[in-house]
Amino acid sequence: MASLKELSKRKEGLVAGHRLCAGCGEGIAVRQVLLAAPRPLVCAVATGCLEVSTTVYPYTSWNCSLIHTAFENAAATISGVEAAFEALKARRKIGEDFHFIAFGGDGATYDIGLQALSGALERRHRFLYVCLDNGAYMNTGIQRSGATPLGAWTTTTPVGKKEPGKLEWRKNLTAIAAAHDGTYVAQTTISHWKDLTQKVEKALSYNGPSFINILAPCPRGWRTKESQTVRIARLAVETCYWPLFEVENGKWQINFQPREKKPIEEWLKLQGRFKHLFKEENRPVIEKIQNYIDTEWEKLLALSSL
Amino acid sequence: MKWDVRRIREWKFYEHPQGATILEAGNSLYYQTGSWRTFRPVWIGEKCTHCLYCFIFCPDAAVKVSKEKIAGFDYEHCKGCGICATECPREAIEMVEEQRESDR
Ligand SMILES: Cc1ncc(C[n+]2csc(CCOP(=O)(O)OP(=O)(O)O)c2C)c(N)n1
Ligand code: SF4
Ligand code: SF4
């Protein structure tokens, strides 16, 4: 496992000059992933903030081969690249050992690209899929997705007299990925750089498919201060909103157990998208969210003791 | 610059690579985002323990490290988000408001 000192001597995978917003969690996540990844590398990125802000023609922030894919097919694209590589290798037309990573936002992964991802995992390509979960379709103006938490304001889950933001629970995509037997699956976030980089190393040394879900806070859509991005990611872990865990050979393992689970309010109150929940009439929504988190955490504890 | 794009606005369509391929990896370094900044991080060397947290948490790879030590900021690209100052355990980074050239 690489220390920060070692990581600081490596070549940056995502260089400066990209146009992600100041304080964007996606930039932090991708830098950490690419610093941990062995070379040579081929990446594919689904349309979304990451793709449009890092490849503004004629500039690219990527220090490796990169394919810009459509919104829904990053997993299919990287499958094809890996299959082509295997074919060339079998014919001895390529010597080096390449690694393959696909990136997608939560819209691209939880929603529109889910079948491409599921297919690629099931076909067992040797690749890593990284989902950057910021809980909405940010690049097109903060529309709700399957990852948006209950109670959150987005432009398509408005807050008013009738509705206190999103009415549905988010889907558990990490568990969906884990339902693909023989996939290395992990959940992590940017505040825990050691956990994140270790999981990337593990995923890319695995001879099969892997999936890592990374919580990547978005100051623009979450209505948070740019300077608080990493702090908010850390609180998501400490409140158990975003547990750090991995699933390897069918075995679930929790990687971080907070000594004391912080109340979810501490996380919610830092974010403008949840501001309305602190009005008296919406208090029950916060309770509902807390109960949900408690139940999910108990489930995870039970799974990890199997 | 391996791929010279300085006069790209004058290029004819056939001078662009097919499929709008970008021919030089990492060439966004030539594009500056420092002007986005309203607050600039100022590093206070004597307080710093070189833990490198600011380096790993920067979204813009704008914290310079040389031989395992902090070597200042890349002000051509730093957008002034202030994550480094928030995360520094030693308060060794201060965010100072940028001033107009004429106010200095
Ligand atoms: C098939 C298709 N539908 C819609 C779009 C428009 N579009 C571009 S980016 C985007 C949202 C991306 O959201 P997400 O995947 O969550 O990534 P984020 O921008 O939040 O990082 C949409 C809807 C598209 N490019 N292609
Ligand atoms: S809108 Fe959000 S995800 Fe998109 S670049 Fe800005 S901070 Fe990042
Ligand atoms: S986070 Fe603070 S103490 Fe650590 S290296 Fe950066 S400036 Fe120095």
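Student: Go over the interface of chain B and chain A with me, naming the residues and quoting the values.
Tutor: On the side of chain A, 41 residues touch chain B, which itself brings 39 residues to the contact. Between chain B and chain A, the buried area comes to about 3,300 Å², and carbon and sulfur atoms account for 65% of it. Put simply, chain B and chain A have three salt bridges between them. Here A:R234 makes a salt bridge to B:E87, at a shortest N to O gap of 2.6 Å. The tally of links between chain B and chain A comes to 20 residue pairs in polar contact (both at pLDDT 80 or more). Sort the elements by how many residues they give to the side of chain B that touches chain A and helix α1 (residues 53-57) of chain B lands first, with four residues.

Student: So, the pattern of salt bridges: which residues are in play, and what are the values?
Tutor: For the structure on display, the rule yields 21 salt bridges over all chains. A salt bridge links A:R283 to A:E265, with the nearest nitrogen and oxygen atoms 3.5 Å apart. Pair noted here: A:R283 is in helix α12 (residues 283-304) and A:E265 is in helix α11 (residues 265-268), with a separation of 18 residues, a long-range link. Taking relative accessible area as the criterion, A:E265 reaches 32% and is therefore assigned partly exposed. A network of salt bridges, in which partner residues are shared, links A:K5, A:K9 and B:E68.

Student: With reference to specific residues and values, describe the site of ligand 3.
Tutor: Around ligand 3 sit 13 residues in total, of which B:C48, B:C51, B:L52, B:C54 and B:C88 are the nearest. Taken together, the residues of the shell around ligand 3 sort by class into 10 nonpolar, two polar and one charged.

Student: Can you explain the pairing of strand β7 (residues 245-248) of chain A? Please cite residues and give values.
Tutor: All names here are of chain A. By the bridge criterion, three bridges tie strand β5 (residues 184-189) to β7 in an arrangement that is antiparallel. Across the sheet, residue V185 finds its bridge partner in β7, namely V247. From the end of β7 to the start of strand β8 (residues 251-254), which pair antiparallel, there are two residues, and N249 there has a positive phi angle of about 50°.

Student: Please provide a residue-by-residue account of the side chain of A:S227, values included.
Tutor: You can see A:S227 is positioned in the loop between α9 (219-222) and α10 (229-238). A distance of 3.0 Å separates polar atoms of two side chains, one belonging to A:S227 and the other to A:Q228. Ignoring anything within four residues of it in the chain, the contact list for A:S227 reads B:C81, B:G82, B:I83 and B:T86.

Student: With reference to specific residues and values, describe the sheet that holds strand β6 (residues 210-215) of chain A.
Tutor: Residues and elements named next belong to chain A. Here we have eight strands laid out as an open sheet, ordered β2-β1-β3-β4-β6-β5-β7-β8, and mixed in their pairing. With one partner strand each, in any of the chains shown, β2 (65-68) and β8 form the two edges of the open sheet. Shown here is a sheet whose adjacent strand axes are inclined to one another by a mean of 15°, direction ignored. Two elements, strand β1 (residues 41-45) and β2, share four bridges in a ladder whose sense is parallel.

Student: Before we move on, could you go through helix α2 (residues 25-36) of chain A and cite the residues and values that matter?
Tutor: Side chains that are three or four residues apart share a direction in an α-helix, a result of its 3.6 residues per turn. Residues and elements named next belong to chain A. The end-to-end C-alpha distance of α2, which contains 12 residues, comes to 17 Å, matching closely the 16 Å that a straight helix rising 1.5 Å per residue would cover. Counted residue by residue, α2 has 12 buried out of 12 residues, so it is predominantly covered. Burial in α2 covers these residues: G25, E26, G27, I28, A29, V30, R31, Q32, V33, L34, L35 and A36.

Student: Can you explain the site of ligand 2? Please cite residues and give values.
Tutor: With respect to spatial proximity, the complete set of residues near ligand 2 consists of A:L20, A:C21, A:C24, A:E26, A:C49, A:N134, A:C218, A:P219 and A:R220. In terms of residue class, the shell around ligand 2 is built from six nonpolar, one polar and two charged.

About the criteria used
Residues numbered from 1 in each chain as written. Chains lettered and ligands numbered in written order. Predicted model: local features only at pLDDT ≥ 70, side-chain atom pairs only at ≥ 80, totals over all residues. Heavy atoms only, no water. Contact = heavy atoms within 4.5 Å. Buried area = accessible area lost by both parts, 1.4 Å probe. Salt bridge = Lys/Arg side-chain N within 4 Å of Asp/Glu carboxyl O. Polar contact = N/O pair within 3.5 Å; in protein donor to acceptor, adjacent residues only side chain to side chain. Helix = DSSP H or I, 4+ residues; strand = E, 2+ residues; numbered from the N terminus. Buried < 20%, exposed > 50% of the residue type's maximum accessible area, 1.4 Å probe, protein only. Near = heavy atom within 4 Å. Nonpolar A, V, L, I, M, F, W, Y, C, P; charged D, E, K, R; others polar. Pairing = 2+ DSSP bridges. Axes fitted to C-alpha atoms, helices over the stretch in contact; angles between N-to-C directions. Expected span 1.5 Å × (residues − 1).

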